[in-house]
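Here's the letter readout for the chains.
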Amino acid sequence: MAARKNAKAQKSNELDGAEFFAAVAQLEAERGIPKGYMMEKISQALVSAYKRDHEDVGDNMVVDANEETGQVRMFIRKDVVETVDNPGTEISLEEAREKLPKAQLGDVVSIEVKTRNFGRIAAQTARQVIIQGIREAERGMIYDEFNSKEHEIITGVVTRLDPKNGAASLRITSGSEFTDAYLAPAEQVRGESIHEGDRLKVYVVEVRRSSRGPQVLISRTHPGLVKRLFELEVPEIYDGTVEVKSIAREAGSRTKLAVWSEDPNVDPIGACVGPRGGRVNNIVEELHGEKVDIIKWSEDPAEYIAAALAPADVLSVDILEEERSCRVVVPDDQLSLAIGKEGQNARLAAKLTGWKIDIKSESASLEEPDLVGETVEEETPVEE
């Protein structure tokens, strides 16, 4: 009876192969961590654990995990020598023949190491390495999932608001993965009210690796958000029939969108507006009332600039190629419309086209042809 108890106690110190493979399979099923990845990490952990108490073994450790037989065994490779100088890597011929009768000097033999011989500290080291491996795998999968969503729109739920600066924490989800992202005040639309529990569409600007896991940079103000909303709403943009050439945005106030189609039978502006304005209205609603001007892109700079200044009418556009600037003449009653409130319309037109724009009224251009009008320079293009 005592011998049976002793045998049971001895067995409990061994690594149970069936439990080992069951645990790996469970990790794959529940957390999506590939078996191969975890097998590699656990093998490294077992080797590290043994080396903790046996520093002289060098790199001669091998782990053999056989799922078919349900066995996990660890071996140390030793050179058969006459005189043993390093017991960690060498074995005498006499001792080797006790295990392998046909062993000869110069052979390399594999001696099985029983996992019950691991010390308590070594076992803790193995456990820590395995846990770290699981965390690294999970972080890697989260990074890969959200990295594939870079420059796309995803939906997040507001989990917390910072009462000091108004920054919001969002729980964002993609596929089966989720993480927390930080929506800085500068990336929020001015005047937009956000509350805990709100569902927000956000634009993924960038995904970075960090020691605490992937860092997902999100925005509600990025021009790319408007572009992706149009792709979701307008099939012709999604399938490439209509192309978005440029976007200029002042979030919460106004956006200008330049579109074009290679197909002469397709009206790019009409496609974006949709039947009875349905498509663009859905986007404006999502943007909480932000105005959206859709204009037709043109290879002709003068034509493009005139269109960009909509809703104002343009009488003429004088292009100065060397300076990449132009002089625009508008009717007297259209000057304030062309410039816009606080210069917004002209500023967005300059940003959209990439040209400096000098706007004059018709009467001013006739009376003083050299008069410098309202000039707006293009700003640095925003990555879309």
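Anything mentioned here points back to the structure above.
Here goes a summary of the coordinates provided.

Analysis parameters
- Residues numbered from 1 in each chain as written.
- Predicted model: local features only at pLDDT ≥ 70, side-chain atom pairs only at ≥ 80, totals over all residues.
- Heavy atoms only, no water.
- Helix = DSSP H or I, 4+ residues; strand = E, 2+ residues; numbered from the N terminus.
- Buried < 20%, exposed > 50% of the residue type's maximum accessible area, 1.4 Å probe, protein only.
- Contact = heavy atoms within 4.5 Å.
- Areas by Shrake-Rupley, 256 points an atom, 1.4 Å probe, with all protein chains shown as cover.
- Phe/Tyr/Trp six-rings, centres within 6.5 Å; stacked < 30°, edge-to-face > 60°.
- Lys NZ or Arg CZ within 6 Å of the ring centre and 35° of its normal.
- Salt bridge = Lys/Arg side-chain N within 4 Å of Asp/Glu carboxyl O.
- Patch = residues over 30% accessible without salt bridge, like charges linked within 9 Å, V, L, I, M, F, W, Y side chains within 5 Å.
- Lys, Arg positive; Asp, Glu negative; His and termini not counted.
- Charge placed at Lys NZ, Arg CZ, Asp CG, Glu CD.
- Pairing = 2+ DSSP bridges.
- Axes fitted to C-alpha atoms, helices over the stretch in contact; angles between N-to-C directions.
- Arc of directions from axis to C-beta.
- Polar contact = N/O pair within 3.5 Å; in protein donor to acceptor, adjacent residues only side chain to side chain.
- Parallel < 35°, antiparallel > 145°, perpendicular 65-115°, else oblique.
- Left-handed = near helix turned anticlockwise from the far one by under 90°.
- Nonpolar A, V, L, I, M, F, W, Y, C, P; charged D, E, K, R; others polar.

### Things to note about the overall build of the protein chain
For step 1, the next point in the chain: The number of helices and strands found in the protein chain is 13 helices and 16 strands.
For step 2, the next point in the chain: Counting every position in the protein chain, which comprises 384 residues, the buried fraction comes to 40%.
For step 3, the next point in the chain: For the protein chain, the proportion of contacts with a sequence separation of at least 24, taken over those separated by at least 6, is 57%.
For step 4, the next point in the chain: Total accessible area computed for the protein chain in this model is approximately 21900 Å², and 45% of it derives from carbon and sulfur atoms.

### Brief notes about the packing of aromatic side chains
Two aromatic rings are characterised by how far apart their centres lie and by the angle between their planes.
For step 1, the next point in the chain: Scanning the model with the defined rule gives two aromatic pairs in all.
For step 2, the next point in the chain: Plain terms: the ring middles of W297 and Y304 are 6.4 Å apart, the flat faces sit at 65 degrees to each other, and that makes the pair edge-to-face.
For step 3, the next point in the chain: The rings of W260, W297 and Y304 are connected pair by pair, giving a single aromatic cluster.
For step 4, the next point in the chain: Here K245 stacks its cationic end above the ring of W297, 4.5 Å away from the centre of that ring.

### Structural notes on the pattern of salt bridges
For step 1, the next point in the chain: Enumeration over the complete set of coordinates arrives at 14 salt bridges.
For step 2, the next point in the chain: E206 is the partner of R208 in a salt bridge, and the nearest nitrogen-oxygen pair spans 3.3 Å.
For step 3, the next point in the chain: For K256, the salt bridge identified is with D293, shortest N-O distance 3.1 Å. In this pair, K256 is assigned in strand β11 (residues 254-261) and D293 in strand β12 (residues 291-296), connecting sequence segments 37 residues apart. Pair check on accessibility: K256 and D293 agree, each one buried.
For step 4, the next point in the chain: Residues participating in the shared-partner salt-bridge network are E192, K201, R220 and E286.

### Digging into unusual backbone geometry
For step 1, the next point in the chain: The amide bond that connects A310 to the next residue, P311, takes the cis arrangement and shows omega of 15 degrees.
For step 2, the next point in the chain: Although it is not a glycine, R276 adopts a positive phi angle of roughly 55 degrees.
For step 3, the next point in the chain: Along the chain, R276 falls in the loop between α8 (268-273) and α9 (278-286).
For step 4, the next point in the chain: For R276, a relative accessible area of 87% corresponds to the exposed category.

### Section: the environment of G156
For step 1, the next point in the chain: Structurally, G156 is set in strand β5 (residues 153-161).
For step 2, the next point in the chain: Once the C-alpha coordinates of G156 and L200 are considered, the two residues, 44 residues apart in sequence, prove to be 5.4 Å apart.
For step 3, the next point in the chain: Apart from the residues lying within four places of it in its own chain, the contact partners of G156 are L170, R171, I172, D198, R199 and L200.

### Focus on a negative patch on the surface
For step 1, the next point in the chain: A cluster of like negative charges, contributed by D313, D332, D333, E362 and E367, occupies part of the molecular surface.
For step 2, the next point in the chain: By the element assignment, D313 lies in the loop between α10 (301-308) and β13 (316-320).
For step 3, the next point in the chain: D313 gets classed as partly exposed once you look at its relative accessible area, which sits at 47%.

### What to know about the sheet that holds β11
For step 1, the next point in the chain: Strand order in the open sheet made by the three strands is β10-β11-β12, with mixed pairing throughout. Of all the strands in the sheet, just β10 (242-250) and β12 have a single pairing partner and so form its edges. The sheet shows a mean angle of 20 degrees between the axes of neighbouring strands, direction not considered.
For step 2, the next point in the chain: On top of the sheet, helix α6 (residues 223-233) reaches β10, β11 and β12; it is set at about 145 degrees to β10, its chief contact.
For step 3, the next point in the chain: Its contacts with the sheet put α10 on β10, β11 and β12, and the angle it makes with β12 is roughly 160 degrees.

### Some thoughts on α10
For step 1, the next point in the chain: Taken together, the buried positions of α10 are A302, Y304, I305 and A308. Taken end-on, α10 shows its buried residues confined to a sector of 165 degrees, consistent with a single buried face.
For step 2, the next point in the chain: Sitting at the amino-terminal end of α10 is D300, which places a side-chain oxygen 3.1 Å from the backbone nitrogen of A302.

### Describing the packing of α6 against α9
For step 1, the next point in the chain: At a closest axis distance of 10 Å, the pairing of α6 and α9 adopts a crossing angle of 140 degrees. As far as their axial angle goes, α9 and α6 are oblique. Crossing handedness for the pair α6 and α9: right-handed. Contact with α6, carried on its side by L229, F230 and E233, involves R279, V280, N282, I283 and E286 of α9 and no other residues of that element.
For step 2, the next point in the chain: For the contact of α6 with α9, the per-class residue count stands at four nonpolar, one polar and three charged.

### What about the side chain of S361?
For step 1, the next point in the chain: Within the element layout of this structure, S361 appears in strand β15 (residues 356-361).
For step 2, the next point in the chain: The contact partners of S361, leaving out residues within four places of it in the chain, are V329, V330, D332 and L335.

### A word on the packing of α10 against helix α12 (residues 344-353)
For step 1, the next point in the chain: Put simply, α10 and α12 touch, their axes get as near as 9 Å, and they point 145 degrees apart. Between α10 and α12 lies a crossing whose hand is right-handed. Across the interface between the two elements, Y304, I305 and A308 from α10 touch A349, L352 and T353 from α12.
For step 2, the next point in the chain: For the contact of α10 with α12, the per-class residue count stands at five nonpolar, one polar and no charged.

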